[in-house]
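Architecture at a glance
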Number of protein chains: 2
Amino acid sequence: MTSEPSPATKGERTRATLLAAAYQQFVTKGYHGASMRSIAEAAGITAGAIYNHYAGKEDIFRAVVLAYHPFSSALPTLANAEGETLSDFLSDAIQRFEQAFEDSPGILNLLFIELVECEGRHLPELATAFAPAVMAFTEKLQAAPDLSRTQQPFVIVRTFLSMLFAYYITEQFLTGARFPTEIGDVSDFLDIYLHGILVRAEEQK
Amino acid sequence: MTSEPSPATKGERTRATLLAAAYQQFVTKGYHGASMRSIAEAAGITAGAIYNHYAGKEDIFRAVVLAYHPFSSALPTLANAEGETLSDFLSDAIQRFEQAFEDSPGILNLLFIELVECEGRHLPELATAFAPAVMAFTEKLQAAPDLSRTQQPFVIVRTFLSMLFAYYITEQFLTGARFPTEIGDVSDFLDIYLHGILVRAEEQK
DNA sequence: CCTACCGATCGGTAGG
DNA sequence: CCTACCGATCGGTAGG
């Protein structure tokens, strides 16, 4: 999404600028907090001109959610993650995710807004959009030779993505709360995800 | 917070009704989506009357966040979790959390709003409020005899709370996306948290 | 705690 | 794509 060649016509270029401006306004102010005027101003046009490109506020938010959701950039590359062992494979997947989050910080905010202010209205559409990438990732994950088969494949994918989400959300909290000390990083999360926190039977004595 | 005896004066009763109405409006509509008028109506008074109890919208949101954040009800009881082994202890802790989430569903929405629309303005205050309960829980957790000491105590608490968060957030997504099949429950999350998903060396043959 | 009101801003439209 | 405008609603206040 970010590194596409500049669109041909001027109208298409304006539309792309508008979408990026809307994304930036929504993630920092929420759906109702971002006004059509503030979006227009951020895109360098006037409020009325937006309606040449989108039917209304709801329409432009929907376009933003579909274009900028956390998986649009991360999941396709996630499905390309490499690594023989489970540890290598998931480490690679995490690195790809980190890159995606670095490229657009606050990308989780979009999902929060969708959940709260839009009451999950666009979730079905969103799920359809990234289902193929999830499937591809699931198949790759299952190929790891040292994967424990005590859980269903989708449960493993859900918990893995959950772990990534949880890391970034708690990170937002800790920095927001101005916590004095560092409390773990993403490798600690992965380590626990791979090995658990229970002492192994044979080590217990 | 929910089962306190009815306040003495009528003014205090109105104030409590108002706070509950504001909570309900905020979590379903977001900060900017909920209007002072809608809050007043939900509380059975007129918009102007709110200002006899709170200085303004920001003030009433702050009061809601402090009164209804996810830990206000869950963390104190969490610190009372019982169980000899790690598994028993965390299972008990999870049950207490589930109860808290059942009592007020959508309680996570408040934190989302705080992160997005308020840009985490109240997080330091919030952190101060529940730090003691986190400390108490941390100490209890460390007493478990079969806890692996490869991670720092606070990292373990962060990842444990993260796991709970992640479970409820992904649950919101899956139901919102109208996913056809069940994909794991909280016991699957706990199981992975305790044991990891890597096959153990001695089982690998 | 209500009625009545304030200026400001909202999403959206008409006409060019 | 802009100017000018619409009715509606916003947060907040005055006065009682």
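**Notes on the overall build of chain A**
Within chain A one finds nine helices and zero strands. Listing each helix as α and each strand as β along chain A from the N terminus yields α-α-α-α-α-α-α-α-α. Overall size of chain A, expressed as C-alpha extent along the three principal axes, is 75 × 40 × 30 Å. Within the span of chain A, comprising 205 residues, buried residues form 50% of the whole. Excluding contacts between residues fewer than 6 apart, the proportion of contacts in chain A whose partners are at least 24 apart in sequence is 65%.

**Some thoughts on the environment of T28(B)**
Within the secondary structure, T28(B) is located in helix α1 (residues 10–29). For T28(B), a relative accessible area of 30% corresponds to the partly exposed category. The spacing of T28(B) and L141(B) is 113 residues in sequence and 35 Å in space, taken between C-alpha atoms. With sequence-adjacent residues up to four places away left out, T28(B) is seen in contact with V116(A) and E119(A). In terms of polar contacts, T28(B) uses its side chain to reach the backbone carbonyl oxygen of Q24(B), at 2.9 Å.

**Comments concerning the confidence of the model for chain A**
Mean pLDDT over chain A: 89, with 93% of residues reaching 70 or higher. Of all secondary-structure elements in chain A, the lowest mean pLDDT belongs to helix α4 (residues 70–78) of chain A, at 75, while helix α2 (residues 36–43) of chain A reaches the highest, 98.

**Side note on the relation of the copies chain A and chain B**
Taken together, a rotation about one axis and a shift along it account for how the two chain copies relate. Placing chain A over chain B gives an RMSD of 0.0 Å and needs a rotation angle of 180°, together with 0.0 Å of translation along the axis. What we have between these two chains is a two-fold relation. The C-alpha atom lying nearest the rotation axis in chain A is that of G196(A); the distance is 2.0 Å.

**Some details on the protein's contact with DNA strand D**
What surrounds DNA strand D is a group of 15 residues, the closest being T14(A), T46(A), N52(A), R37(B) and K57(B). Per the 4 Å cut-off to the protein, sugar and phosphate atoms form 58% of the nearby atoms of DNA strand D. Side-chain polar atom of T14(A) to a phosphate oxygen of DNA strand D: 2.8 Å apart, as the coordinates give it. Interatomic distance of 2.7 Å between a side-chain N/O atom of K57(B) and a phosphate oxygen of DNA strand D. Residue composition of the surface near DNA strand D, by class: five nonpolar, seven polar and three charged.

**Quick notes on the nonpolar core**
One broad rule of soluble globular proteins: the nonpolar side chains tend to lie buried together. Judged by nonpolar contacts, the single largest core of 147 residues is most densely connected at L90(A), F160(A), L90(B) and F160(B). If sequence neighbours within four positions are ignored, F160(A) has contacts with L90(A), A93(A), I94(A), F137(A) and Y193(A).

**Observations concerning the protein's contact with DNA strand C**
Every one of the 15 residues lining DNA strand C counts as a neighbour, but R37(A), K57(A), T14(B), T46(B) and N52(B) are closest to it. Each atom of DNA strand C within 4 Å of the protein was classed as base or backbone; sugar and phosphate made up 58%. One of the side-chain N or O atoms of S35(A) is found 3.3 Å from a phosphate oxygen in DNA strand C. Within the side chain of T46(B), one N or O atom sits 2.7 Å away from a phosphate oxygen of DNA strand C. Taken together, the residues of the surface near DNA strand C break down into five nonpolar, seven polar and three charged.

**Things to note about the domain arrangement of chain A**
Residues and elements named next belong to chain A. When the domains of chain A are assigned, the result is domain 1 (10–66) and domain 2 (69–203). The gap between the C-alpha centroids of domain 1 and domain 2 is 29 Å. Contacts between domain 1 and domain 2 engage twelve residues on the former and 15 residues on the latter. Summing the contributions of domain 1 and of domain 2, the shared interface buries around 1200 Å²; its carbon and sulfur component is 61%. It is V27, V65 and L66 that lose the most area in domain 1 upon contact with domain 2, and together they represent 41% of the buried surface on that side.

**Remarks on the pattern of salt bridges**
All names here are of chain A. The full count for this structure, using the stated rule, is ten salt bridges over all chains. A salt bridge links R121 to E58; its shortest N-O distance comes to 2.8 Å. Of the two residues, R121 is situated in the loop between α6 (107–116) and α7 (123–142) and E58 in helix α3 (residues 57–68); the sequence distance between them amounts to 63 residues. Judged by relative accessible area, E58 falls into the partly exposed class, the value being 31%.

**Some details on the packing of helix α8 (residues 153–176) of chain A against helix α9 (residues 186–195) of chain B**
How two helices sit against one another is set out by the angle between their axes and by the gap between those axes. Their axes nearest at 11 Å, the elements α8(A) and α9(B) cross at an angle of 70°. Classed by the angle they form, the pair α8(A) and α9(B) counts as roughly perpendicular. Of the residues in α9(B), those in contact with V155(A), R158(A), T159(A) and S162(A) of α8(A) are D188(B), F189(B) and I192(B). For the contact of α8(A) with α9(B), the per-class residue count stands at three nonpolar, two polar and two charged.

Conventions and cut-offs
Residues numbered from 1 in each chain as written. Chains lettered and ligands numbered in written order. Predicted model: local features only at pLDDT ≥ 70, side-chain atom pairs only at ≥ 80, totals over all residues. Heavy atoms only, no water. Helix = DSSP H or I, 4+ residues; strand = E, 2+ residues; numbered from the N terminus. Buried < 20%, exposed > 50% of the residue type's maximum accessible area, 1.4 Å probe, protein only. Contact = heavy atoms within 4.5 Å. Polar contact = N/O pair within 3.5 Å; in protein donor to acceptor, adjacent residues only side chain to side chain. pLDDT = per-residue confidence, 0-100. Least-squares fit on C-alpha atoms with pLDDT ≥ 70 in both. Near = heavy atom within 4 Å. Nonpolar A, V, L, I, M, F, W, Y, C, P; charged D, E, K, R; others polar. Core = buried A, V, L, I, M, F, W, Y, C linked by side-chain atoms within 4.5 Å. Domains from an automatic or database assignment. Buried area = accessible area lost by both parts, 1.4 Å probe. Salt bridge = Lys/Arg side-chain N within 4 Å of Asp/Glu carboxyl O. Axes fitted to C-alpha atoms, helices over the stretch in contact; angles between N-to-C directions. Parallel < 35°, antiparallel > 145°, perpendicular 65-115°, else oblique.

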